[in-house]
Amino acid sequence: MSHLKLFVTTLKWHGIKLLEKQDIARRVFLHGQRYVSSGTSEPFLSASNSNYVEEMYYAWLENPKSVHKSWDVFFQNANSGQAYDPHLPDQLERKASFLQSHGLAQTPGKAEKLVEDHLAVQSLIRAYQVSIRGHHVAQLDPLGILDADLDSFVPSDLITTIDKLGFYGLHESDLDKVFQLPTTTFIGGSENSLSLREIIKRLENTYCQHIGLEFMFINDVEQCQWIRQKFETPGVMKFTNEEKRTLLARLVRSMRFEDFLARKWSSEKRFGLEGCEVMIPALKTIIDKSSEMGIEYVIMGMPHRGRLNVLANVIRKELEQIFCQFDPKLEAADEGSGDVKYHLGMYHERINRATNKKITLSLMANPSHLEAVDPVVQGKTKAEQFYRGDTAGKKVMSILLHGDAAFAGQGVVYETFHLSDLPSYTTNGTIHVVVNNQIGFTTDPRMARSSPYPTDVARVVNAPIFHVNADDPEAVMYVCSVAAEWRNTFNKDVVVDLVCYRRRGHNEMDEPMFTQPLMYKQIHKQVPVLKKYADKLIADGTVTLQEFEEEIAKYDRICEEAYTRSKDNKILHIKHWLDSPWPGFFNVDGEPKSMSCPPTGISEDLLTHIGNVASSVPVKDFKIHAGLSRILRARLEMTKNRVVDWALAEYMAFGSFLKEGIHVRLSGQDVERGTFSHRHHVLHDQEVDKRTCVPMNHLWEQQAPYTVCNSSLSEYGVLGFELGFAMASPNALVCWEAQFGDFHNTAQCIIDQFISSGQAKWVRHNGIVLLLPHGMEGMGPEHSSARPERFLQMSNDDSDAYPFSEQFEVSQLYECNWIVVNCSTPANYFHVLRRQILLPFRKPLIILTPKSLLRHPEAKSSFDEMVSGTTFQRVIPENGLAAHAPHEVKRVIFCTGKVYYDLVKERKNQDLEKQVAITRLEQISPFPFDLLKEELEKYPGADLVWCQEEHKNSGYYDYVKPRFRTIVNHTRPIWYVGREPAAAAATGNKNTHLVSLRRFLDTAFNLEAFEGKTF
Ligand SMILES: Cc1ncc(C[n+]2csc(CCOP(=O)(O)OP(=O)(O)O)c2C)c(N)n1
Ligand SMILES: [Mg+2]
């Protein structure tokens, strides 16, 4: 407003007399997107039909680039408060003389009033449109007791009563005056002008009824215009009788399903949807509309509320499968923990009745942890798009459902939104549906968030937000269909906020009156939406009472019949609830096709070829940095010498997969170069901005694609995303790398709830690889430990038993929940990556990766260790002098990872190579009982030591100790050598670090250290 006033004042001040009514009509208020198309090409003083300051000003406000540069400069000056900028009067004077020379000078008072009135009307229109305006007074709450935005304030510039006209300098007498409408509104439909009375009426209709729109923060004129057109155009919300009847039938299903469950299992938790039954037709509308526009696959993620209803009435899971879940005697057919019924996923292909097209629907299984599934859904969606070549998201899309409290409170929502527009993470628009029942468990919104709406987080990505009163089913359907169109048109996220209520307590056992007495008094009086809508349709003759009752009876019958059938179901097959089947990967019973793994080595030719490409710049006229040239030369040299370092070993593994048609994706913070500047998978032209080259994608003419992508600075969101990506196909190696291993703890929920336990809960395999840089190198409490102890503690292999079987190595991997490795050689890193795909099943793989070893001269491997026939070594036994005379060996030190190199050096320094054997544990979990047993038995006279550089209460000790003791049948001790227990993962003092290293190395080679000690 202040800017407008400034312009009006300034115009007056210079005595500009302009614009008679007809000219305004003709020249100024022509409809269409004039300022976008012509405003950009017409300079400040030559505009013939865009010479209206205010309109340009609005256009400029929305997008400075949409107006000519001269306007831009003009408004910038004005906007920065330079009302008396010497240039401003000049410009206006020049403009005035232009207008006069074009015969636009008019009687002063009249013209000024006219301009002011038109400006006022435009301001008024904008006030309704702009965020925190119209939706502020919209009647969004079906209960009518709370303001959906936690604010009872009505903006003073909204005309909700006629006396507010004064705010704009308008009077009641102006109400019947006709005003030209600006191009930024569509309330006129085909008319260009309307009376002020009609303008207000239509604005209130659009913005202040059951739909509240937030979109004016979007700085894209086209998108704003699109939304205005969709909602402002008179008569847009008309439904045919057929559509109304379908809507009613869907509401019947939604409501009667909940009623049925309540009747049959009145004391069972189900997190009913009562109070938001409209969600079912809402989702169906989104799906119908999207299917109509070409979508073939919809992937959904949702919390507890209404989940069973979605399974029954959206995905169309057989009702008996749902009902039998309520039987406490149902036996589980599958191994693992299983999960409660409102967490299970589902995958279903069917014909969409509205469009007669095939559609696949998948609801992802999820844990209780609210919103954790969001990035997982996005990752899976991205993968499904990727494998279909659906780069624009026209075939596959995701829908995410949220609770109001969780949407506002959980940070992963924000992290997920920030992935939405990143090239390697975008799903080309997600439709978010919020079940905004204005409560979270027992907590009031006023205590649950600091933002006006639960949906404000979506504003960070400029997603439009459509609030809608859930007791107005037609408004909801309209909003949902616009949301689907929006996604299809702009491929951006959109939020539908279903403002509703929760008819019962948090779950069916809860008493809500303890904490929300007034709200629930109102809720108890609330007429169910189905009744309200049915009454309306019966009253207007769309359906008869009899038809309505028949619809209800029909669905009730369907439920009853399914209920009877459900009693025959005695066994629960969680496999029937898989959200991501992998056709052809397992045998018909869902079991692995074998229990063996072929050797993981590759031919020498392949190694050489990959090494050569990894050392080259495979595109012409591409100038790389001199430092990088040196690195590539060193790679070439290594390839010639048939050796690899860590980075080259990784190259070999990834490259070999690409040849075999296995897609490889590496994601995480700064992974393209590598945190430690060792990887360099993306080359950057030093002379052409943003020109890059990924040599890995130039290995063969026919190869699978390699995706390497720096992620946003998120762990929870990005790891969840990659986990979801890995779910889509078993034929891909999907790796997530933490910047430093310890940062994985901000993604702990994904690790605990999905990666560690996902298969046990949901019989769903996942082969994701976590690369966690780890090592105690004096870098301080952080940047040191990837916390291997946490992964090991969650490993499910039994410390007290090792069931040997024929194919122990592979079957042990099959039984475990994940694999934890710490490789000490590049070759072994290569093999473990290769094994990940060559196994006949998928398991998450946690790799503790090195930092200083990346450049350690000893940490290199020969091609001999990687060629065909070679395999991953779970244990690398001592093979030096000690191994040749094992009976003389006094001590065997078992260790893992980098400390091996410190130990070998120290042993040499102390000349103890005959007395001390050092054996490396490369696969820590599942524990290689078989190999270690052999190794232990080889040195009968030696004492056994576990040495680690981590503190005693961290690292591996607590995991390996009971397992070693099991192997020796508790007859021999396994002594600990390493750092003392500590609260912080590492010291921040370099000297303390070195002193403690010295101390434990001394103990490791002090052959009397444990003499006389008992265990
Ligand atoms: C991360 C997480 N924290 C806490 C909980 C416990 N919890 C379960 S439901 C719930 C309230 C959810 O409120 P809202 O998101 O509004 O969904 P509603 O139940 O109202 O549909 C809470 C706090 C949880 N499941 N997940
Ligand atoms: Mg809620």
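None of the values given here were measured: they were computed from a predicted structure.

Summing up its helical and strand segments, the protein chain has 36 helices and 28 strands in all. By the burial criterion, 61% of the 1015 residues in the protein chain qualify as buried. Within the protein chain, residue pairs in contact and separated by at least 24 positions form 80% of the contacts whose partners lie at least 6 positions apart. In the form shown here, the protein chain has an accessible surface area of approximately 39300 Å², with 51% of it arising from carbon and sulfur atoms.

A few words now on the packing of aromatic side chains. Using the criterion set out here, one finds 37 aromatic pairs in the structure. Ring centres of Trp582 and Phe586 lie 6.3 Å apart, and the angle between their planes is 10 degrees; on these two criteria the pair is classed as stacked. Both residues of the pair, Trp582 and Phe586, belong to the buried class. Relative to Phe929, the ring of Phe927 has its centre 5.1 Å away and its plane inclined at 75 degrees; by these criteria the two rings are edge-to-face. Phe929 matches Phe927 in its accessibility class, with the two residues each being buried. An aromatic cluster is defined as three or more aromatic residues linked by ring pairs; in this entry it consists of Tyr802, Phe894, Phe927, Phe929, Trp946, Tyr956, Tyr959 and Phe964. We note Arg665 situated over the ring of Phe725; from NZ or CZ to the ring centre the distance is 4.5 Å.

All right, on to the state of the cysteines then. Under the counting rule described, the total for this entry stands at zero disulfides. With no disulfide of its own, Cys276 lies 3.5 Å from the sulfur of Cys500, the closest cysteine sulfur. No disulfide involves Cys947; its sulfur sits 6.6 Å from that of Cys895, the nearest cysteine. What makes Cys947 buried here is its relative accessible area of 0%.

In the vicinity of ligand 1 there are 15 residues, among which His304, Arg305, Ser368, Asp404 and Ala405 approach most closely. One of the backbone nitrogen or oxygen atoms of Ala405 is found 2.9 Å away from an oxygen atom of ligand 1. Here Ile439 contributes a backbone N or O atom positioned 3.0 Å from an oxygen atom of ligand 1. Against a free-state accessible area of 580 Å², the protein chains account for coverage of 74% of ligand 1.

Let's shift gears to the packing of helix α11 (residues 241-264) against helix α22 (residues 545-566). Two elements in contact, α11 and α22, have axes separated by 9 Å at closest approach and are oriented at 45 degrees. The angle between α11 and α22 places the two elements in the oblique class. As for the relative orientation of α11 and α22, their crossing is right-handed in sense. Note on element contacts: α22 touches α11 through Glu547, Phe548, Glu551, Ile552, Tyr555, Asp556, Ile558, Cys559, Glu560 and Tyr563, opposite Arg245, Leu248, Ala249, Val252, Arg253, Arg256, Phe257, Phe260 and Lys264. Taken together, the residues of the contact of α11 with α22 break down into 11 nonpolar, no polar and eight charged.

This part is about the pairing of strand β4 (residues 297-301). The buried fraction of β4 amounts to five of the five residues, a majority that puts the element mostly inside the structure. Here β4 shows two buried faces, one formed by Tyr297, Ile299 and Gly301 and the other by Val298 and Met300. In the sheet, β4 pairs with strand β7 (residues 357-363) via four bridges, with the strands oriented parallel. Counterpart to Ile299 in the pairing with β7 is Ser362. Across five bridges, β4 lies against strand β8 (residues 396-403) in parallel orientation. Along β8, the bridge assignment pairs Val298 with Met397.

Another point: the sheet that holds strand β20 (residues 819-821). Here we have seven strands laid out as an open sheet, ordered β17-β14-β18-β19-β21-β20-β26, and mixed in their pairing. Both outer strands of the open sheet, β17 (706-710) and β26 (923-925), are each paired with one neighbouring strand and no more. In this sheet, neighbouring strand axes are inclined to one another by 20 degrees on average, regardless of whether the strands run parallel or antiparallel. In this structure, strand β14 (residues 663-668) lies alongside strand β18 (residues 732-737), joined through six bridges in parallel fashion.

Applying the stated criterion across every chain yields a total of 45 salt bridges. Two residues, Lys532 and Asp471, come together in a salt bridge whose shortest N-O distance is 2.7 Å. Of this pair, Lys532 sits in helix α21 (residues 529-539) while Asp471 is found in the loop between β10 (465-469) and α19 (473-490), placing the two residues 61 residues apart along the sequence. Since its relative accessible area comes to 12%, Asp471 is described here as buried. Between Arg787 and Glu789 there is a salt bridge whose closest N-O contact spans 2.8 Å. In this pair, the class of Arg787 matches that of Glu789, namely buried. Bridged by salt links that share partners, the residues Glu258, Arg270, Glu274, Arg504 and Glu508 form one connected network.

For the rest of this paragraph, the subject is the coordination of the magnesium ion (ligand 2). For the magnesium ion (ligand 2), every protein donor is listed as Asp404 (OD), Asn437 (OD1) and Ile439 (O), and the spread of their distances is 2.0 Å. Exposure remark for Asn437: the relative accessible area of 5% places this residue in the buried category.

About the criteria used
Residues numbered from 1 in each chain as written. Chains lettered and ligands numbered in written order. Predicted model: local features only at pLDDT ≥ 70, side-chain atom pairs only at ≥ 80, totals over all residues. Heavy atoms only, no water. Helix = DSSP H or I, 4+ residues; strand = E, 2+ residues; numbered from the N terminus. Buried < 20%, exposed > 50% of the residue type's maximum accessible area, 1.4 Å probe, protein only. Contact = heavy atoms within 4.5 Å. Areas by Shrake-Rupley, 256 points an atom, 1.4 Å probe, with all protein chains shown as cover. Phe/Tyr/Trp six-rings, centres within 6.5 Å; stacked < 30°, edge-to-face > 60°. Lys NZ or Arg CZ within 6 Å of the ring centre and 35° of its normal. Disulfide = S-S within 2.5 Å. Near = heavy atom within 4 Å. Polar contact = N/O pair within 3.5 Å; in protein donor to acceptor, adjacent residues only side chain to side chain. Axes fitted to C-alpha atoms, helices over the stretch in contact; angles between N-to-C directions. Parallel < 35°, antiparallel > 145°, perpendicular 65-115°, else oblique. Left-handed = near helix turned anticlockwise from the far one by under 90°. Nonpolar A, V, L, I, M, F, W, Y, C, P; charged D, E, K, R; others polar. Pairing = 2+ DSSP bridges. Salt bridge = Lys/Arg side-chain N within 4 Å of Asp/Glu carboxyl O. Donors = N, O, S within 2.8 Å, 3.2 Å for Na, K, Ca; no water.

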